[in-house]
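Examination of the molecular architecture
These are the residues of each chain, in order.
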Amino acid sequence: MNDQQVSKQIQQMVQFIRQEAQEKANEITLCAQEVVFSPQFLTTPSLLILTMPTHVQECNIEKLQIVEAEKKKIRQEYERKSKHVDVRKKIEYSMQLNASRIQVLQAQDDVVNEMKDATRKELLQVAGKKAPYKGLVKALIIQSLMRLKEDSVLLRCREMDVSVVNSVLEEAKRDYAKRSGLMAPNIIVDKVYLPPPLIDNRNSIGPSCSGGVVLASLDGKIVCENTLDARLELVFRQKLPEIRKHLCG
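From a predicted model like this one, the values you see are computed outputs, not experimental measurements.

The rules we used
- Residues numbered from 1 in each chain as written.
- Predicted model: local features only at pLDDT ≥ 70, side-chain atom pairs only at ≥ 80, totals over all residues.
- Heavy atoms only, no water.
- Helix = DSSP H or I, 4+ residues; strand = E, 2+ residues; numbered from the N terminus.
- Polar contact = N/O pair within 3.5 Å; in protein donor to acceptor, adjacent residues only side chain to side chain.
- Core = buried A, V, L, I, M, F, W, Y, C linked by side-chain atoms within 4.5 Å.
- Buried < 20%, exposed > 50% of the residue type's maximum accessible area, 1.4 Å probe, protein only.
- Contact = heavy atoms within 4.5 Å.
- Pairing = 2+ DSSP bridges.

Bringing the side chain of Asp161 into the picture now. Take Asp161: it is sitting in the loop between strand E1 (152-156) and helix H6 (162-180). A distance of 2.7 Å separates the side chain of Asp161 from the side chain of Tyr133, its partner in a polar contact.

With that settled, consider the nonpolar core. Counting 28 residues, the largest nonpolar core has Val137, Ile141, Leu155, Val165 and Val213 as the members making the most contacts within it. Counting residues per element, the ones that place at least two in this core are helix H4 (54-126), helix H5 (130-148), E1, H6, strand E2 (186-189), strand E3 (212-217) and helix H7 (228-248). Apart from residues lying up to four places away in sequence, Val137 is in contact with Val164, Val165, Val168 and Val213.

In this section: the pairing of E1. If a strand is regular, its side chains alternate between the two faces of the sheet. Of the two faces of E1, only the one carrying Val153 and Leu155 is buried; Ser152, Leu154 and Arg156 on the other face are not. Two strands pair when backbone bridges link them, and E1 and E3 are joined in this way by four bridges, in the antiparallel orientation. Bridged to Val153 within E3 is Ser217.

Listed below in structure tokens is the structure:
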């Protein structure tokens, strides 16, 4: 035979083999469909599978294994995505909750600070009442001396309060000596003054003082700040929980 005849015979053989394989595959498929959709398979599938041909049983078993494996993958993927969604929801809820808490705290701070600013403005009127303020300055000096208990102290006040301080200084020293049982100390009025009060927000950027005094030991190691502003800060720190509860509930 020549090359052309050989090639033709080979093609016929390949075509025959393909046709044989296709018929076998169709036979397996038809057999599987008949068995799977038969009423007997729906009632007792396990018994019928045992009566099937081996190749049909293997086909069905492999198909079932593939189906179960894919179901398992789908379930695992669903569980993973579901957990991921739950975690994201919890994180977002926590973030929103924290943001809400921060907003509430900020609003409370704003209310407290507004009250504090209003109180600080009221302090400006205290120094304007000469007689009551004179008695207050004397009491502040005595209280500071009782805390320091030094033989010599340095007193600092606002420049506008120098005359008030000088007018009560000797009386404050005598009252201190009587209460403490110690000798009256030497009080030096410092030439460096406390800052002026806040008036119409003109000096709102720099420091300000609404009144009162600051006493210190001569070496500066012990300081008693008894200004009206310092006392206001102290009261607000001590009473802050009560203030928050009263204002914000």
